[in-house]
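Structure at a glance
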Amino acid sequence: MAAPLPPFAAARAEEAPFTPAQREEIVRILREALRTDPTILRDAVAAMQQSQQAEQERGRRDAIQAQAAALLRDPADPVKGNPAGDLTVVEFFDPRCGYCKALAPTMQELLSQDGKLRVVMKAIPILGPNSVLASRALLAAQRQEKFVPLYDRLMQLRAEPTEAVLQAEAQKLGLDWARMRRDMDDPAIEARLQQNLRLAQALSIEGTPALVIGDTLVPGAVDLATLRRLVTQARGRG
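Here goes a summary of the coordinates provided. (Residues numbered from 1 in each chain as written. Predicted model: local features only at pLDDT ≥ 70, side-chain atom pairs only at ≥ 80, totals over all residues. Heavy atoms only, no water.)

Re the overall build of the chain
Formally: For the purposes of this entry, the term helix denotes a DSSP run of H or I that reaches at least four residues, the term strand denotes a run of E that reaches at least two, and both are numbered from the N terminus. The buried label applies to any residue whose accessible area, calculated with a 1.4 Å probe on protein chains only, is under 20% of its type's maximum; exposed applies above 50%, and partly exposed to all values in between. The contact criterion used is simple: two residues touch if any of their non-hydrogen atoms lie within 4.5 Å. Note that accessible areas follow from Shrake-Rupley with a 1.4 Å probe, and for residues the cover is restricted to the protein chains shown.
Within the chain one finds 11 helices and 5 strands. Burial status across the chain gives 34% buried among its 238 residues. Excluding contacts between residues fewer than 6 apart, the proportion of contacts in the chain whose partners are at least 24 apart in sequence is 76%. Only carbon and sulfur atoms are counted for the fraction: they give 55% of the accessible area of the chain, which is about 13900 Å².

Shown next as structure tokens:
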């Protein structure tokens, strides 16, 4: 803590504000400096942006830590990869999201290379009614131990996941459609989707896909090299 000013010094500071002429001269000097060297403003803006970005990253790390149980240890969440892996990655996705579909083969390649990786899948249907329908279908398929096969089919799907399309894909995988359709309307499945959406909001996730790797939030689809680097860093901090 800084030492307090002596009373006389504080009084002098209060009694000696800049005069209008002095303020005008300071403004003139600043304007002249910016005119002759515009990099001053550029550097100031860059420093402000870096400070804001660092503050956002700190906020996200704090949020990830606060939500660790919901992110990593919910036994009801579907999982890809090694269920007993030494590192858990969390993927927020929408079944209709084109970027999620672009990321899917990259994530599959990562899992094929890293047998110690556990990936928790959290559907957040943000792209309309068919996203909601497909997300419910995935959680209903999980009850028949078919989440991953149906997820893989939906990531390859180019048609809209209407109910008829979902039924056809489910039956190709040997799912009991009548049971699955009943489960899709179970309020418990809707509650899980709402829980996922609230969790995404708590982490300031603004779109899909979004990955949580260690204490890092990764928005958007990224390449395999980036994923491997982030996984290595997360293991190093673990």
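We are not done yet, so read on.
Comments concerning the environment of Ile-205
Its place among the elements puts Ile-205 in the loop between helix H10 (187-202) and strand S4 (210-213). Counting along the chain gives 14 residues from Ile-205 to Pro-219, while the straight-line C-alpha distance between them is 7.6 Å. Not counting chain neighbours up to four residues away, the residues in contact with Ile-205 comprise Phe-92, Ala-200, Ala-210 and Leu-217.

Examining the packing of aromatic side chains
So the rule is basically this: Each Phe, Tyr or Trp ring (for Trp, its six-membered ring) is paired with any other whose centre lies within 6.5 Å, and the angle between the two planes then decides the class: stacked below 30 degrees, edge-to-face above 60, tilted in between.
With the rule as written, the count across this model stands at 2 aromatic pairs. Measuring from centroid to centroid gives 5.2 Å for Phe-93 and Tyr-151, while their planes differ by 85°, and the two rings are edge-to-face. A residue pair is termed long-range when its members are at least 10 positions apart, and Phe-93 in strand S2 (residues 87-93) and Tyr-151 in helix H7 (residues 147-156) qualify at 58 residues. Taking relative accessible area as the criterion, Phe-93 reaches 1% and is therefore assigned buried. Relative to Tyr-151, the ring of Phe-147 has its centre 6.0 Å away and its plane inclined at 10°; by these criteria the two rings are stacked. Of the two residues, Phe-147 and Tyr-151 are both situated in helix H7; the distance of 4 residues between them amounts to about one turn of the helix. The same class applies to Phe-147 as to Tyr-151, namely buried. Here the aromatic cluster, defined as three or more aromatic residues joined through ring pairs, consists of Phe-93, Phe-147 and Tyr-151.

Describing the side chain of Arg-118
Heads up, the condition is: When charges are counted, Lys and Arg contribute as positive and Asp and Glu as negative, whereas His and the chain ends are disregarded. The salt bridge criterion pairs a side-chain nitrogen of Lys or Arg with a carboxyl oxygen of Asp or Glu, the two atoms within 4 Å. We call two N or O atoms a polar contact when they sit within 3.5 Å, provided that within protein one can donate a hydrogen and the other can accept it, with sequence-adjacent residues counted only if both atoms are side-chain atoms.
Topologically, Arg-118 is positioned in strand S3 (residues 117-123). Buried and unpaired, Arg-118 has Asp-77 as its nearest opposite-charge partner, separated by 6.5 Å. At 2.9 Å, the side chain of Arg-118 forms a polar contact with the side chain of Thr-88. Ignoring anything within four residues of it in the chain, the contact list for Arg-118 reads Leu-72, Val-79, Lys-80, Asn-82, Pro-83, Gly-85, Leu-87, Thr-88 and Val-89.

A closer look at the sheet that holds S3
Note the cut-off: By this definition, two strands are paired if DSSP reports at least two bridges between them. Between N-to-C directions, angles cover 0 to 180 degrees, with each direction set by a line fitted to C-alpha atoms, over the stretch in contact for helices.
Pairing is mixed across the open sheet formed by 5 strands, whose spatial order is S1-S3-S2-S4-S5. One side of each edge strand has no neighbouring strand; the edge strands of this open sheet are strand S1 (79-81) and strand S5 (216-219). Across the sheet, the mean angle separating the axes of adjacent strands is 25° when strand polarity is ignored. By the bridge criterion, 3 bridges tie S1 to S3 in an arrangement that is antiparallel. Bridge assignment links Val-79 to a residue of S3, and that residue is Val-120. Together, S1, S2, S3 and S4 form the strand contacts of helix H5 (residues 98-113), whose direction differs from that of S3 by roughly 160°. The strands touched by helix H11 (residues 224-237) are S2, S3, S4 and S5; relative to S4, the strand with the most contacts, the crossing angle is about 35°.

Some details on a nonpolar patch on the surface
Selection rule: Surface patches are drawn from residues lacking salt bridges whose relative accessible area is over 30%; two like charges belong together within 9 Å, two nonpolar side chains (Val, Leu, Ile, Met, Phe, Trp, Tyr) within 5 Å.
There is a patch of nonpolar side chains on the surface, built from Phe-18, Ile-26 and Leu-30 and spanning about 300 Å² of accessible area. Here Phe-18 lies in the loop between helix H1 (7-15) and helix H2 (20-36). According to the relative accessible area criterion, Phe-18 is exposed, its value standing at 51%.

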